[in-house]
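Listed below are the residues making up each chain.
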Amino acid sequence: MGVAVAAKSNDGSPQSAAAGRKNAGIALLVTLATLLSAFLSGSYYHYSYFETDTESYLFQAILFAQGRLYAEAPPDRGFSPSPQLNITNGKWYSKYPFGNAAVLALGVLAGVPWLVAPLLTGGGIYLLHRILEEAYDARTALLGSAIAVISPSTLVLGGVWWSEATNRFFLGLFLLALLMARKRESRWWIVLAGFALGYSFNTRPFTAVAFGLGGAAFILGELWRKKQIWRFAAAFLPPFGLMLGMYAAWNWYLTGSPWQSTFNADQKFDSLGFGPHDNGISFDPVPSYEYTPARAAKKLVRNIPALSLHAFGWGSYDPKIDEKIGSLPALARLEAAITALPLAFPFLLMLLPLFHSSRNRYDALFFSLWSLTVILYCFHWWSVPGRTPIAARYYSECTMLGMIPLAARGMGILYGRIREAAAAKARLIAVALLVPLLLNTAFTYAGYGPDLQALGDPYRTIERLVRDRKIHRAVVFIQDQFQVPLGDYPFQTLDEADIVYFHLGSSKVWGLRHADWREAYEQWFRGRKAFLFRKGGFMALN
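Reference entry: report on the structure contained in this document. (Residues numbered from 1 in each chain as written. Predicted model: local features only at pLDDT ≥ 70, side-chain atom pairs only at ≥ 80, totals over all residues. Heavy atoms only, no water.)

## Looking at the pattern of salt bridges
Okay, step 1: Scanning the entire structure with this criterion turns up 14 salt bridges.
Okay, step 2: Across the pair Arg 182 and Glu 222 runs a salt bridge, and its minimum N-O distance is 2.6 Å. Remark: Glu 222 occurs in helix α10 (residues 205-225) and Arg 182 occurs in helix α8 (residues 164-184); sequence separation between them is 40 residues.
Okay, step 3: Given a relative accessible area of 11%, Glu 222 falls into the buried group.
Okay, step 4: Its salt-bridge partner being Arg 361, residue Glu 222 comes within 3.5 Å of it at the nearest N-O pair. (Salt bridge = Lys/Arg side-chain N within 4 Å of Asp/Glu carboxyl O. Helix = DSSP H or I, 4+ residues; strand = E, 2+ residues; numbered from the N terminus. Buried < 20%, exposed > 50% of the residue type's maximum accessible area, 1.4 Å probe, protein only.)

## Digging into the environment of Lys 22
Okay, step 1: Position of Lys 22 relative to the elements: it lies in helix α2 (residues 14-45).
Okay, step 2: Separated by 431 residues in the primary sequence, Lys 22 and Gln 453 have C-alpha atoms spaced 36 Å apart.
Okay, step 3: Apart from residues lying up to four places away in sequence, Lys 22 is in contact with His 129, Glu 133 and Ala 138. (Contact = heavy atoms within 4.5 Å.)

## Remarks on the packing of helix α6 (residues 138-150) against helix α17 (residues 396-421)
Okay, step 1: Their axes nearest at 9 Å, the elements α6 and α17 cross at an angle of 125 degrees. Taken together, the axis directions place α6 and α17 in an arrangement best described as oblique. Considering only the axes of α6 and α17, their crossing is right-handed. Between α6 and α17, the residues in contact are Thr 140, Leu 143, Gly 144, Ile 147 and Ala 148 and Ile 404, Ala 408, Arg 409, Met 411 and Gly 412, respectively. (Axes fitted to C-alpha atoms, helices over the stretch in contact; angles between N-to-C directions. Parallel < 35°, antiparallel > 145°, perpendicular 65-115°, else oblique. Left-handed = near helix turned anticlockwise from the far one by under 90°.)

## Quick notes on helix α20 (residues 517-525)
Okay, step 1: Taken together, the buried positions of α20 are Trp 517, Ala 520, Tyr 521, Trp 524 and Phe 525. In an axial view of α20, the angular spread of the buried residues amounts to 100 degrees, which keeps them on one side of the axis.
Okay, step 2: Looking at the packing, one finds that the buried side of α20 touches β6 (474-479), β7 (499-504) and β8 (529-534).
Okay, step 3: The N-cap of α20, judged by a side-chain oxygen 2.9 Å from the amide nitrogen of Arg 518 a few residues on, is Asp 516.
Okay, step 4: Downstream of α20 by one or two residues, Gly 527 has phi in the positive range, about 95 degrees. (Arc of directions from axis to C-beta. Polar contact = N/O pair within 3.5 Å; in protein donor to acceptor, adjacent residues only side chain to side chain.)

Given below as structure tokens:
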């Protein structure tokens, strides 16, 4: 009662009270998404990078914060902390498009880079709420936003320095602007849609293509019938074209060609499509890995249940269950089937609106965003499922902006049927169904913990040893591993840098060539203290 009274505004009418409750509800969800993502950023990722991709994003963000697009190429590949950093044309930079690093640079300047993804996740929840309000109604909007807030795909990827949180935000902005432009016929919403999709293309191009195709299918037919397609194009194409131009300029400036993506400028076998592939991390020669349609089909079969688990946290999933099931005893097979059964629920809820008499063009839009992303990533050799959402992170955008909206509407339809069948007990039945599933979600989050908290151990171990031993003016050689922390170089000159990390080892793929630390020390580090880190321990060098 006190909440209802406080929510009334202006004339104190029921409509004003309802609006107040709605605003309070979405504000709470946005705040929860931000705080929970920030909490997981610390508890799972220790507010830091934890593998070569996140290190690459931070590297570029620091350069941006310093007002630089690249660092001068180091005198040797051993200086580079991550194989996901390119060294081409005398330039040293991240292999990824600039969109995520540019946003992360704001956090670097503020001294809180870890806070960027949680803030964008909260903003993404707000955009999702607005999208569902425009597409459906206030109740579905609140339900869909609440599902997104508890979704492991949303929160676990909302606290990390990968590009998913950034891309979800800009794709959400694109969808909202598209829906608003259709309903309001405002040129400025169209301009915003073009910019947002273009920024997404500079963040995660492949996902932007999927959403662009889905958005085009949603609106172009109607524009053609209304003879407004040229008006739409005149507002959409300039900002979108500008962002595509920036993508081409970025490639041209760093690689020497607008058609050569930075993504595989230095790693020729890290590309889309079928054929031989490798990401350049291994210390061995390029492995003969042939990505074939058969492998793509097998990966898709494994991805589908992974998407369900990471979207809602319902059920249990082993990514290699198809290989193990034949060797399991009958009782273990039955147990696996029972625990995996909830994996089907999100898909049933998602498909329900498509077969219901109330289906509409928005249902088709959200399904197209999900299905196009899943299909297109069959051509990406590296998108593999796993026990945690980070392994299926390529599908984070279509989960939040495609799967969850449909599932929320499916829940509304199902609840309507329950009310028709048992009006007096409808809420009790809904609670009885949801409570065990929510407990399952909490159990799933707890299960992620050990795997995710173990990420980045070499980085943290090395940095802790340097800090605890109060080491300064030193070089730390890292023997035969690819996880090496960011040092002070190249953000300071080699002479000014306090701590420098240097890779030791031989890698034809990566270009490492120094197996003996003495060679590198005599050439670049004379006068510094020297230490060696390898699996056997950390030791001072004489």
